Amino acid sequence: MSVWSDLPGQTAVMEQLSRAAAAERPNHAWLFTGPPGSGRSNAARSFAAALLCEQPDPAARGCGECHACHTVLGGTNADVSAMVTENVSFTIREVRDWVTKAQDKPSSGRWRVIIIEDADRMAERTTNVLLKAIEEPPPRTIWLLCAPSPADVLVTIRSRCRPVGLRIPPVGDVAELLVRRDGATPELAEFAARVSQSHIGVARRLAANEDARSRRDTIVRLPLRLRGVSDAVMAAGELVEISNADAAAASEQRNAAEREALLHTLGAPEKGTLPPAMRSQLKQLEDEQKRRAKRSVSDSLDRVMIDLTTFYRDVLALQLGASSDLVNEYLRPELTSYAEQSTPEKTLQRLDAIAQTRKRLSTNVAPVLAMEAMAVSLL
């Protein structure tokens, strides 16, 4: 199984990157763009694995079987570094540290690869620090930047990067991935792929976690329960509670896995007190996880808004007689009844209210207040 196996629906991208990995000197900087859930980061890491693949035949690079492929995909290869921020944006200090690291020669592979997973989270001053490194790259360093769209990166950066555009994968391809990689049943995989709108990460979580599916179902059924202002206020509080629970569940699982991996890497004893050096590294990890928790809640709130949007998107499709499939197909009877009691104009107003709330939540507004105002506007 090759390094490209987990990129559903991206055949053109796979061919482009395979050719580049086989080249003697691939481009020194790449920009991976695509909608959320399209697999930008996965594609960048798969490309990094292909670049460092140990196969002597260039055409066979990206085998997925050699030590380099395994360590890159597992996040433990010394020649691949990933820049990720849990803050609103990268700091200049963070970028300067990585620019300095980019000067190091590869330790064992052909290239040193640096992946920036959120290149759109850079202020202009911070981006200018990176620009110099991309303009005059070290001979064995390759930069892989990821962002939702080319417009999210300064033109001075994207003009020096080779573009890689990913698309939203088809539902069937995502479902096949969930069956093959995660062992989901075909029915559950198809459901998760459809309601997540082919967002690979969300689909995996829905397929694996019954509580996550239950929370989503509560969200999309919420408009069916709104009868008055008191219902709207209660529903707003419920949405915030759901987003907090969803964020906590996702963080708990990830935090536990990170802690276990760190202790295993450090060779920590199974029982007894940890040595001071190990305690220090464990404390550093815990501090990073706490900083990440705030962003996790923000992302979860936004996901709640996206799930709620699918309800009204389906309602509008029914009202306009569109032939496209419904995201929430399993709710077709309820959606049809709701659509008959409203108008397309009113549905568009409700969609606008949700979009406005998403913008407000990206600022410092209190989530409960923003949700209450939105819920009332949905009546």
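Up top you'll find the structure we're talking about.
Model, not experiment: these values are computed from the prediction.

A. The arrangement of the overall build of the chain in detail. A tally of helices and strands in the chain yields 15 helices and five strands. On C-alpha atoms alone, the chain measures out to a radius of gyration of 23 Å, which is about the 21 Å that the 2.2 N^0.38 rule sets for 379 residues. Here the C-alpha coordinates of the chain stretch approximately 65 × 50 × 45 Å along the principal axes. When the 379 residues of the chain are sorted by exposure, 44% land in the buried category. In the chain, the share of contacts with a sequence separation of at least 24, taken over all contacts with a separation of at least 6, comes to 71%. For the chain, the exposed area adds up to about 19,100 Å²; of that, 52% sits on carbon and sulfur atoms.

B. Helix H5 (residues 124–135), seen in detail. With twelve residues, H5 extends 16 Å from end C-alpha to end C-alpha; this agrees with the ideal 16 Å at 1.5 Å per step. Three or more residues of H5 are buried, namely Thr126, Thr127, Val129, Leu130, Leu131, Ala133 and Ile134. In this fold, the buried residues of H5 make contact with strand E1 (29–33), helix H4 (92–101), strand E3 (112–116), strand E4 (141–147) and helix H6 (155–158).

C. Main features of unusual backbone geometry. If you check the backbone angles, Gln197 has positive phi at about 55° while not being a glycine. One can find Gln197 in the loop between helix H8 (186–195) and helix H9 (200–208). With a relative accessible area of 36%, Gln197 lands in the partly exposed category. Positive phi is not limited to glycine here, since Ser198 has a value of about 65°. Note that Ser198 resides in the loop between H8 and H9.

D. Expanded view of the side chain of Arg112. Tracing the sequence through the fold places Arg112 in strand E3. We classify Arg112 as buried; its relative accessible area is 5%. Engagement of the side chain of Arg112 in a polar contact is seen with the backbone oxygen of Asp104, the distance being 3.2 Å. If we ignore the near neighbours within four places in the chain, the residues touching Arg112 are Ala78, Asp79, Ser81, Lys101, Ala102, Asp104, Lys105, Pro106, Ser107, Arg140, Thr141 and Ile142.

E. Geometry of the packing of helix H7 (residues 171–182) against H9. At a closest axis distance of 11 Å, the pairing of H7 and H9 adopts a crossing angle of 55°. One finds that H7 runs oblique with respect to H9. Crossing handedness for the pair H7 and H9: right-handed. Counting all contacts with H7, which are made through Val174, Leu177, Leu178, Arg181 and Asp182, the residues of H9 involved are Ile200, Ala203, Arg204 and Ala207. Of the residues assigned to the contact of H7 with H9, the class counts are six nonpolar, no polar and three charged.

F. Just the pairing of E1, in detail. Of all five residues making up E1, five are buried, and the element is well covered by its neighbours. Going residue by residue along E1, you find Ala29, Leu31 and Thr33 tucked away on one face and Trp30 and Phe32 tucked away on the opposite face as well. Summarising the sheet, E1 and E4 pair through five bridges and their orientation is parallel. Looking at the pairing, Leu31 lines up with Leu145 of E4. The pairing of E1 with strand E5 (residues 162–165) spans four bridges and is classified as parallel. Bridging from a neighbouring strand, Thr33 pairs with Gly165 of E5.

G. The arrangement of the environment of Glu24 in detail. Note on placement: Glu24 falls in the loop between helix H1 (11–22) and E1. Residue class for Glu24 comes out exposed when judged on its relative accessible area of 70%.

Reading guide: rules and limits
- Residues numbered from 1 in each chain as written.
- Predicted model: local features only at pLDDT ≥ 70, side-chain atom pairs only at ≥ 80, totals over all residues.
- Heavy atoms only, no water.
- Helix = DSSP H or I, 4+ residues; strand = E, 2+ residues; numbered from the N terminus.
- Rg over C-alpha atoms; globule rule 2.2 N^0.38 Å.
- Buried < 20%, exposed > 50% of the residue type's maximum accessible area, 1.4 Å probe, protein only.
- Contact = heavy atoms within 4.5 Å.
- Areas by Shrake-Rupley, 256 points an atom, 1.4 Å probe, with all protein chains shown as cover.
- Expected span 1.5 Å × (residues − 1).
- Polar contact = N/O pair within 3.5 Å; in protein donor to acceptor, adjacent residues only side chain to side chain.
- Axes fitted to C-alpha atoms, helices over the stretch in contact; angles between N-to-C directions.
- Parallel < 35°, antiparallel > 145°, perpendicular 65-115°, else oblique.
- Left-handed = near helix turned anticlockwise from the far one by under 90°.
- Nonpolar A, V, L, I, M, F, W, Y, C, P; charged D, E, K, R; others polar.
- Pairing = 2+ DSSP bridges.

Just distances and angles here, no functional claims.
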